[in-house]
Amino acid sequence: MDKKRASFTAMLMAYYRAYHAMHETPKIFDDFLACHLFTEDEHSFFENACSQAPRLDDPERAASLPDRAAAIAWALQTITPGPSMTLSRSRYTEEILDKAVGQGVRQYVILGAGFDTFAFRRPEMLEKLQVFEVDHPVTQAFKRQRIAEAGWKLPAQLHFVPVDFEQESLAEVLTRSSYNPQALSFFSWLGVTYYLTRDAIFTTLHDIANIVPAGSAIIFDYLDTDAFVPEKAAKRVKNTIRDAQQNAGEPMITGFDPSSLAADLASLGFYLQENLSPTDIEERYFKGRTDDYHACEHLHFAKVVVE
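First, a word on what this report is: a plain description of the structure on this page. (Residues numbered from 1 in each chain as written. Predicted model: local features only at pLDDT ≥ 70, side-chain atom pairs only at ≥ 80, totals over all residues. Heavy atoms only, no water.)

From N to C terminus, the protein includes 12 helices and 7 strands. If one aligns the C-alpha atoms of the protein with their principal axes, the spans along those axes are about 60 × 45 × 40 Å. Excluding contacts between residues fewer than 6 apart, the proportion of contacts in the protein whose partners are at least 24 apart in sequence is 75%. Of the accessible surface of the protein, which amounts to about 13,600 Å², a share of 51% is contributed by carbon and sulfur atoms. Seen as two clouds, the 30 positive and the 43 negative side-chain charges of the protein have centres 2 Å apart. (Helix = DSSP H or I, 4+ residues; strand = E, 2+ residues; numbered from the N terminus. Contact = heavy atoms within 4.5 Å. Areas by Shrake-Rupley, 256 points an atom, 1.4 Å probe, with all protein chains shown as cover. Lys, Arg positive; Asp, Glu negative; His and termini not counted. Charge placed at Lys NZ, Arg CZ, Asp CG, Glu CD.)

Looking now at the sheet that holds strand β4 (residues 185-189). Spatial strand order, β3-β2-β1-β4-β5-β7-β6: 7 strands in an open sheet with mixed pairing. A single partner strand is all that each edge strand has here, and the edge strands are β3 (158-162) and β6 (270-276). Ignoring strand direction, the axes of neighbouring strands in this sheet form an average angle of 20°. Here strand β2 (residues 130-135) runs beside β3; their pairing, made up of 5 bridges, is parallel. Within the sheet, the bridge partner assigned to F132 lies in β3 and is H159. Packing against the sheet, helix α12 (residues 278-286) makes contact with β6 and β7 (299-306), and its axis sits at approximately 65° to β6. (Pairing = 2+ DSSP bridges. Axes fitted to C-alpha atoms, helices over the stretch in contact; angles between N-to-C directions.)

Examined against the element boundaries, S267 turns out to sit in the loop between α11 (261-266) and β6. Residue S267 is classed as exposed on the basis of its relative accessible area, which comes to 62%. The spacing of S267 and H206 is 61 residues in sequence and 9.6 Å in space, taken between C-alpha atoms. (Buried < 20%, exposed > 50% of the residue type's maximum accessible area, 1.4 Å probe, protein only.)

Our next topic: helix α7 (residues 137-150). A rise of 1.5 Å per residue sets the reference length of α7, with its 14 residues, at 20 Å; its end C-alpha atoms lie 20 Å apart and thus fit the reference within 8%. Restricting attention to buried positions, one finds in α7 the residues T139, Q140, F142, K143, R146 and I147. Mapping the buried residues of α7 onto a view down its axis gives an arc of 160°, with all of them on the same face. Structural note: α7 exposes A148 and E149 on the side pointing more than 90 degrees away from its buried face. Positive phi shows up at G151, right after α7, with a value of about 80°. (Expected span 1.5 Å × (residues − 1). Arc of directions from axis to C-beta.)

So, on to the pairing of strand β5 (residues 217-223). Counting buried positions over the 7 residues of β5 gives 7, a clear majority of the element. One ladder, built from 4 bridges, connects β4 with β5; its direction is parallel. Along β5, the bridge assignment pairs W189 with F220. For the crossover from β4 across helix α9 (residues 198-211) to β5, the handedness is right-handed. (Right-handed = clockwise from strand over helix to strand, strands pointing away.)

Scanning the model with the defined rule gives 21 salt bridges in all. Of the charged contacts, one joins D31 and R17 as a salt bridge, the two residues approaching to 3.0 Å between their closest N and O atoms. Remark: R17 occurs in helix α1 (residues 8-23) and D31 occurs in the loop between α1 and α2 (40-57); sequence separation between them is 14 residues. Residue D31 is classed as buried on the basis of its relative accessible area of 1%. Residue R17 is classed as buried on the basis of its relative accessible area of 8%. D221 is the salt-bridge partner of R89, the closest N and O atoms lying 3.0 Å from each other. Of this pair, R89 sits in helix α5 (residues 82-102) while D221 sits in strand β5, and the two are 132 residues apart along the sequence. The buried category is assigned to R89, whose relative accessible area is 6%. Counted as one network, the salt bridges with shared partners bring together R17, D31, E94, D98, R121, R122 and E124. (Salt bridge = Lys/Arg side-chain N within 4 Å of Asp/Glu carboxyl O.)

Looking now at the nonpolar core. If you look at soluble globular proteins, the nonpolar side chains tend to sit buried side by side. Y15, L97, Y108, F118, L129, V131 and F186 are the most contacted members of the largest nonpolar core, which has 71 residues in total. When near neighbours in sequence (up to four residues on either side) are disregarded, F118 contacts E94, L97, Y108, I110, M125, L129 and V131. V109, F132, A171 and W189 belong to the second largest nonpolar core, which has 35 residues in total. (Core = buried A, V, L, I, M, F, W, Y, C linked by side-chain atoms within 4.5 Å.)

With that out of the way, let us pick up the environment of R242. Structurally, R242 can be placed in helix α10 (residues 235-246). Spatially, the C-alpha atom of R242 lies 30 Å from that of F32, the residues being 210 residues apart in sequence. A distance of 2.9 Å separates a polar atom in the side chain of R242 from a polar atom in the side chain of D243. (Polar contact = N/O pair within 3.5 Å; in protein donor to acceptor, adjacent residues only side chain to side chain.)

Right, here's the structure in full:
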């Protein structure tokens, strides 16, 4: 990514969550605050881009859509997997976090937090949790500016921790914050791994293993290696990888083999407790919907526990 500007992808994912919260039911994930982090011009920019996507992807189908609203809905539900990715992984993470807090977790660390709204959207959880948002300094500063413009009061339990995952040690930056390495912790790492090198991913996981007590957990999503093989990749995932590099300047570069992930993680001291496939995610979060939302091909959710 361009380290001099806030992550475009982080903004785009937040727009997807905001659109879903405002326009669609039943909710896969209800981020009812995300819409307040955008200007009117940014809302218009994203809506215009989505409304034009059907014409570029499938002109014949686009011609049959009755209006602009239908074009936007079809683009978000069918053309791009981004909305289904961010909605399902956010729901999965917070469902597991809710259970973890009941089992003694007292710190929630959001790696690559982007425009996450948890600390403002779930105030009841702050009675039991300290929340640490870890992100690139530029993206984090931009988000803090938008929080101020929205007039939101920063909770005392929310801590901002700037980091460049490719250049800095997560353990070092957390140690410089008020993070407590003795407290049972829960980490989420969503929408990040595929933008990092394999070495950077495992370095970050190694750092986590060294600064948390046994029983702490991490949720992360990842693309399987087939997503990066043109003849095997689903069309919309292939297009997303292309667009991430060409349009957003944020290339996706890394995938994992689901069959060997458990062994890879075991070498770092983690137990792979759950490894959801696209089929699993479809069954859990999309089955029975009457719209066109479906699980993203090649996307997996992993829950790992420190042994």
